[in-house]
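Each chain is listed here by its residues.
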Amino acid sequence: MTRIAPQAADAPLRTARDAGPERRRISAERLVPAVLAALVVAAVGPVLALGWTAARDGSERSLRGQSELLLDALGDRVASRIAPAAAVGAAVAAATRAGALDPDAPALRRVFLAGALAAAPAVDAVVLRGPGGEGLVVRRAETPAAVIEEGLEAGSAPPAGWSVLAFRGGAALTWTEPLRDVDGAAAGVVSAAVDPADLSGHLALLRAEFGVTPFVLLGRDRVLAHPGLTGDAPAALDAVGDAALASIWADPRPLTATAPFRAAQGHWSPYPAGDPTVFLLRALPGYGDLALTVGFHYPSAATRRDRWVKWIVLGMGLVLLGAATLAAAALGRAIARPVTALAEAAGALEESRFAEARARVAPVAQGRVRETAAAAEALSRAAEAIALFEAYAPRTLVRKLLRSGPEAARPRAAEIAVLFLDLEGFSALAAAVPPAEAVALLDAVFSVAGPRIEASGGVVDKFTGDGLLAIWGAPEPHLAPARPAVEAALGLIGPLGALVAMRRHEGLCACRVRIGVQVGRGIVGDLGYPGRVNYTAVGAPVNDAARAQAALRGVDTGADAILAVTDTAMAAAGPLAGVLAEPVAWGGAGRLLRLRPAD
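Just so we're clear, the structure is a prediction, and the values are computed from it rather than from any experiment.

Focus: the overall build of the protein chain
Regarding its fold elements, the protein chain presents 15 helices and 20 strands. Within the protein chain, the proportion of its 599 residues that are buried is 44%. The long-range fraction of contacts in the protein chain, counting pairs at least 24 apart against all pairs at least 6 apart in sequence, stands at 62%. With the model as given, the accessible surface of the protein chain reaches about 30200 Å², and the carbon-plus-sulfur share is 60%.

Take a look at the structure:
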């Protein structure tokens, strides 16, 4: 680890700007505002377009969703008024199949029909016709029901399914179902009839609540229910006093919208008097030849505000985009000024004018913008760190010295742990193989050992040709440096042994790795002469660590990486679980122990 004295003032540091012709560059105070403004436009523009599209589709989908909900309500209202007739017919048919309606017990049959009628308030009359045409009628007491009864009695049995029963003063919707007895033989028919007249009253309530004109069509040209229908139903389109409804099929034009209906259809017409009218319709399934259709209409102007939402969103978005672009440009200028100062400081730092670099970023570090202030502080610390880095090659050591302060580099006595690593027989191997192969072996070993040593808190003091020297406890003091040193050494045995074994298996040059560890009082700090120094450790622990690894020469263990720790280092490290220690003969004081993980 060497430190090189600063260059003389008359030998300026060559920078990347001197490497070639000056390229055309733009000032940060112009570039940053322009880029930020462009980014705002690029980021907000698609969002604005998406928002406009979403507003357009959303308003249309909302209108259509509301329309379909209203159509659902209309369909449910019609079904609640008409469908009970089919339910009554099904109940009578089921009772006949079960033998509950004995043809010879007319009183019982009347009671049953009366009960079915009571359970279905919407049904006005029920007639039961036997195979011979004889009939049994049960009706409500109201006059319309009496008229329906007369219509049922006067005519022949309607066809099976839904049909329209015309009578004096109106018409009824009738459900007819054939009957079968318990043996499956024909037992006549049952007809249940409902008067749709009160549907118009329900539609009037819907018109008052939703502001649209609902209606129910029977086929294409007859109105079954309408808020303005006061006479007989069904009525012709032009007989309900609704000019818009009368023109429902005159010049229909498709709706210009993007969201399709799920279960409806619609169109608009320019009538009446040039005021467009929108018609929304849904055919009701399950009513056979009746061809019932529910729908409503409203003037197009009623939804004009909703249809203008997309343009309002677009206008507001453009205003906000313009404001955001101006704000981005202003922010860019505010950011660029500190950036200019940081760039000037970086130039000074590049030329090793560390004091000037720190002076240039000092005002920025006091600024109110958190990020630029943090960058200025970081650059100031970097100037100090790089100044130290130029004196000390190992980055780990530089960081430790930076944290410990300049006093840590002065020679001092300290309790340190020393690891000495050496490749056995490397000199002879290097003479026998190409230099590139020998260097590749060293690089592979050091790439495994170096990072693990530094990760454990140690510092690689120097590379000794085919080995390395590492220390713990300096420059930052450590109360017990032996423990991490021994643990790091133990952690190197497996990876280094695997590396050597793999190289041998692949036919590459390899040497057994020997490691020695000692702990004790040594001298650490800068040693050298003015202009070049080396932060290192000297003393008995260094010598003993080197002698410990050398004592393993010739010790045949069959392992490709072998570790020896002095008795002193072992005692200082403390108990180590899962480790086997074997004594090794050597010429030093105390015992030398070969350590290896227990199998």
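Past the structure itself, the notes keep going.
Considerations on the nonpolar core
The biggest cluster of nonpolar side chains holds 47 residues, and the ones touching the most others in it are L419, L421, I453, L496, I515, V517 and L563. Looking at this core, the element that brings in the most residues is helix α13 (residues 482-505), giving 11 residues. Once residues within four sequence positions are removed from consideration, I453 is found in contact with L419, G458, V459, V460, L468, A470, W472 and L492.

A look at the side chain of T213
Mapping T213 onto the fold places it in strand β7 (residues 213-218). You can call T213 buried: its relative accessible area is 14%. Beyond its immediate stretch of four places on either side in the chain, T213 contacts R207, H226, P227, D242, G295, F296 and H297.

Remarks on the pairing of β7
The element β7 is largely enclosed, with a buried count of 6 among its 6 residues. Burial of β7 is two-sided: the residues T213, F215 and L217 facing one way and the residues P214, V216 and L218 facing the other way are all buried. Across 6 bridges, the pairing between β7 and strand β12 (residues 292-299) is antiparallel. Of the residues in β12, the one forming a bridge with L217 is T293. Summarising the sheet, β7 and strand β8 (residues 222-225) pair through 3 bridges and their orientation is antiparallel. Along β8, the bridge assignment pairs L218 with R222. Between the antiparallel neighbours β7 and β8 lie 3 residues, among them G219 with a positive phi of about 75°.

Looking at the packing of aromatic side chains
Going through the model one piece at a time under the given rule, you end up with 4 aromatic pairs. On the basis of an interplanar angle of 40° and a centroid distance of 4.7 Å, the ring pair of F446 and F463 is categorised as tilted. Of the two residues, F446 sits in helix α12 (residues 435-455) while F463 sits in strand β14 (residues 459-463), which places them 17 residues apart along the sequence. Residue classification places F446 among the buried residues on the basis of a relative accessible area of 13%. Feature note: the residues W162, W175 and Y287 constitute an aromatic cluster, connected by ring pairs.

A short note on the pattern of salt bridges
Following the criterion strictly, the structure yields 13 salt bridges and no others. The shortest N-O distance in the salt bridge between R282 and D72 comes to 2.3 Å. Placement of the pair is R282 in strand β11 (residues 277-283) and D72 in helix α1 (residues 28-97), with a sequence separation of 210 residues. Via salt bridges that share partners, D422, E424, R512 and R514 belong to a single interconnected network.

What to know about the side chain of H226
With respect to the helices, strands and loops of the structure, H226 is situated in the loop between β8 and β9 (235-236). Accessibility expressed as a relative area gives 2% for H226, which makes it buried. One polar contact links the side chain of H226 to the main-chain amide nitrogen of G228, over a distance of 2.8 Å.

Things to note about the packing of α12 against α13
Closest axis-to-axis distance for the α12/α13 pair is 10 Å, and the angle between their directions is 160°. Judged on the interaxial angle alone, α13 and α12 are roughly antiparallel. Crossing handedness for the pair α12 and α13: right-handed. Contacts from E437, A440, L441, A444, V445, V448, A449, R452 and I453 of α12 reach α13 at G491, L492, P495, L496, L499 and R503.

As for the sheet that holds β12
Taking strand neighbours across the sheet as the criterion, the 6 strands line up as β9-β8-β7-β12-β11-β10 in an open arrangement whose pairing is antiparallel. Each edge of the sheet is formed by a strand with only one pairing partner; in this case those strands are β9 and β10 (265-269). Here β10 pairs with β11 via 5 bridges, running antiparallel. By the bridge assignment, G266 is partnered in β11 with L280.

A word on the confidence of the model for the protein chain
On average, residues of the protein chain score 78 in pLDDT, and 80% of them reach the 70 mark or higher. Confidence over residues 1-22 falls short of pLDDT 50; this stretch has 38 contacts with residues more than four positions distant or in other chains.

Reading the values: rules and limits
- Each chain carries its own residue numbering, running from 1 in the written order of its sequence.
- Reporting in this predicted model follows two pLDDT cut-offs: at least 70 for local features of residues, and 80 or more for side-chain atom pairs to be given and counted; totals over whole chains, interfaces and linings ignore these cut-offs and use all residues.
- Hydrogen atoms and water are omitted, and side-chain values are computed over all heavy atoms in the structure.
- Strands here are runs of E lasting at least two residues and helices are runs of H or I lasting at least four, both read from the DSSP assignment and numbered beginning at the N terminus.
- Whether a residue is buried, partly exposed or exposed follows from its accessible area with a 1.4 Å probe, protein chains only, as a fraction of its type maximum: under 20%, in between, or over 50%, in that order.
- Contacts are assigned to residue pairs that have any heavy atoms within 4.5 Å of one another.
- What sets the accessible areas is the Shrake-Rupley method with a 1.4 Å probe; for residues, cover comes only from the shown protein chains.
- Here, the term nonpolar core denotes a set of buried Ala, Val, Leu, Ile, Met, Phe, Trp, Tyr and Cys residues that are joined through side-chain atoms within 4.5 Å.
- Two strands are counted as paired when DSSP detects at least two bridges linking them.
- In summary, the pairing rule links any two rings of Phe, Tyr or Trp, Trp by its six-membered ring, whose centres are within 6.5 Å, and it sorts them by plane angle into stacked for under 30 degrees, edge-to-face for over 60 and tilted for everything else.
- Counted as salt bridges are all cases of a side-chain nitrogen of Lys or Arg within 4 Å of a carboxyl oxygen of Asp or Glu.
- Side-chain atoms alone can form a polar contact between residues adjacent in sequence; in general such a contact is a pair of N or O atoms within 3.5 Å, and within protein one must be able to donate a hydrogen while the other accepts it.
- Note on method: axes are straight lines fitted to C-alpha atoms, helices fitted across the in-contact stretch only, with angles between N-to-C directions ranging 0 to 180 degrees.
- Here roughly perpendicular refers to angles of 65 to 115 degrees, roughly parallel to angles under 35, roughly antiparallel to angles over 145, and oblique to all remaining angles.
- In this scheme the handedness of a crossing depends on how the near helix is turned from the far one: anticlockwise by less than a right angle means left-handed, clockwise means right-handed.
- Along the chain, pLDDT gives the predictor's confidence residue by residue, from 0 to 100.

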